[in-house]
Amino acid sequence: EGEKMIAPADMDLPVLDYNDIRGGRTVEESAEIFLAVLEGRATAAQNQAVVANAAMALYAANRKGGLGAAVEAAKEALMSGKALERFKKLLESQK
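First things first, this report covers the structure right here in the doc. (Residues numbered from 1 in each chain as written. Predicted model: local features only at pLDDT ≥ 70, side-chain atom pairs only at ≥ 80, totals over all residues. Heavy atoms only, no water.)

## Things to note about the packing of aromatic side chains
Short version of the rule: Two aromatic rings, drawn from Phe, Tyr or Trp (for Trp, its six-membered ring), form a pair once their centres lie within 6.5 Å of each other, and the interplanar angle then sorts them: stacked below 30 degrees, edge-to-face above 60, tilted otherwise. The helix and strand labels rest on DSSP assignments: H or I over at least four residues marks a helix, E over at least two residues marks a strand, and numbering proceeds from the N terminus.
Inspection of the entire model under this criterion finds 1 aromatic pair. Relative to Phe87, the ring of Phe34 lies with its centre 5.0 Å away and its plane at 80°, an arrangement referred to as edge-to-face. Taken together, the residues span a long stretch of sequence, with Phe34 in helix α2 (residues 27–38) and Phe87 in helix α5 (residues 82–93) at a distance of 53 residues.

## Thoughts on the pattern of salt bridges
Spelled out, the test is: Salt bridges are counted wherever a side-chain nitrogen of Lys or Arg sits within 4 Å of a carboxyl oxygen of Asp or Glu. Whether a residue is buried, partly exposed or exposed follows from its accessible area with a 1.4 Å probe, protein chains only, as a fraction of its type maximum: under 20%, in between, or over 50%, in that order.
Counted under the stated rule, the structure contains 6 salt bridges. Between Arg41 and Glu39 there is a salt bridge whose closest N-O contact spans 2.8 Å. Its relative accessible area of 47% is what places Arg41 among the partly exposed residues. On the accessibility criterion, Glu39 (39% relative accessible area) is partly exposed. A salt bridge links Lys95 to Glu92, with the shortest nitrogen-to-oxygen separation between them at 3.1 Å. Sharing partners across several salt bridges, the network here consists of Glu32, Glu39 and Arg41.

## Describing the side chain of Gln46
Note the following rule: For the purposes of these results, a polar contact is taken to be a pair of N or O atoms within 3.5 Å, where, inside protein, one atom must be able to donate a hydrogen and its partner to accept one; residues adjacent in sequence count only when each atom of the pair is a side-chain atom. Note on definitions: a residue-residue contact is assigned when non-hydrogen atoms from the two residues lie within 4.5 Å.
Following the sequence through the fold, Gln46 ends up in helix α3 (residues 44–61). With a relative accessible area of 16%, Gln46 lands in the buried category. At 2.9 Å, the side chain of Gln46 forms a polar contact with the backbone nitrogen of Thr43. Contact partners of Gln46, with chain neighbours within four places excluded, come to Asp20, Ile21, Ile33 and Val37.

## Considerations on helix α4 (residues 67–80)
Put simply, the rule reads: A helix is expected to reach a length of 1.5 Å times the quantity of its residues less one. This arc describes the spread of directions from the helix axis toward the C-beta atoms.
If you check α4, its first and last C-alpha atoms are 20 Å apart, about what 14 residues at 1.5 Å a residue would give, namely 20 Å. Every buried residue belonging to α4 is among Leu67, Ala70, Val71, Ala74 and Leu78, and all of these are buried. All buried residues of α4 lie within an arc of 100° about the axis, which places them on one face of the element. Summarising the contacts, the buried residues of α4 are in contact with α2, α3 and α5. Phi for Gly81, located one or two positions after α4, is positive at around 90°.

## Section: the side chain of Asn47
Mapped onto the elements of the fold, Asn47 is located in helix α3. When its relative accessible area of 12% is taken as the criterion, Asn47 is described as buried. Apart from the residues lying within four places of it in its own chain, the contact partners of Asn47 are Val37, Ala42, Leu78 and Met79.

## Describing the packing of α2 against α5
For any two helices packed against each other, the geometry is given by the interaxial angle and the distance between the axes. Which entries qualify depends on this criterion: Every axis corresponds to a line fitted to the C-alpha atoms, with the helix fit spanning only the stretch in contact, and the corresponding angles, defined between N-to-C directions, vary from 0 to 180 degrees. Roughly parallel means an angle under 35 degrees; roughly antiparallel means over 145; roughly perpendicular covers 65 to 115; every other angle is labelled oblique. Classes in brief: Ala, Val, Leu, Ile, Met, Phe, Trp, Tyr, Cys and Pro nonpolar; Asp, Glu, Lys and Arg charged; the others, Gly included, polar.
One way to put it is that α2 packs onto α5 with a least axis distance of 8 Å and a crossing angle of 130°. Viewed along their axes, α2 and α5 adopt a mutual orientation that is oblique. Within the contact between the two elements, α2 uses Phe34, Leu35 and Leu38 and α5 uses Ala83, Leu84 and Phe87. Counted by class, the contact of α2 with α5 contains 6 nonpolar, no polar and no charged residues.

Laid out in C-alpha cells, this is it:
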C-alpha cells in the first residue's frame, strides 16, 4: 500500500499544541504523566495524543479493520481502564 501521511482529522481528533502534550522534564515527571493518562487523570490533550499513537499502532497491526476501528479500540482501551489493567499485569510479570 505504500507510505501515507495521516492527519489528526483522519482520526477525527483535533490538532494539538505542543505545549499541551510535551513530556516531563525528568523520568519521574514522564512516569507521572504516563500514569495520569492510564488512570484517567490526564488532560484531554494528553489523552488524545495517546489515543492517536495507540490507534496508529493498532492500525499498523491490522489494516483490514480500518483506521476508524483502530481509533475506537484505542479510546475504549484507555477509557475503560483496560490499558491500565494490562500495564499492571505487565509490571506483575516483571517481579
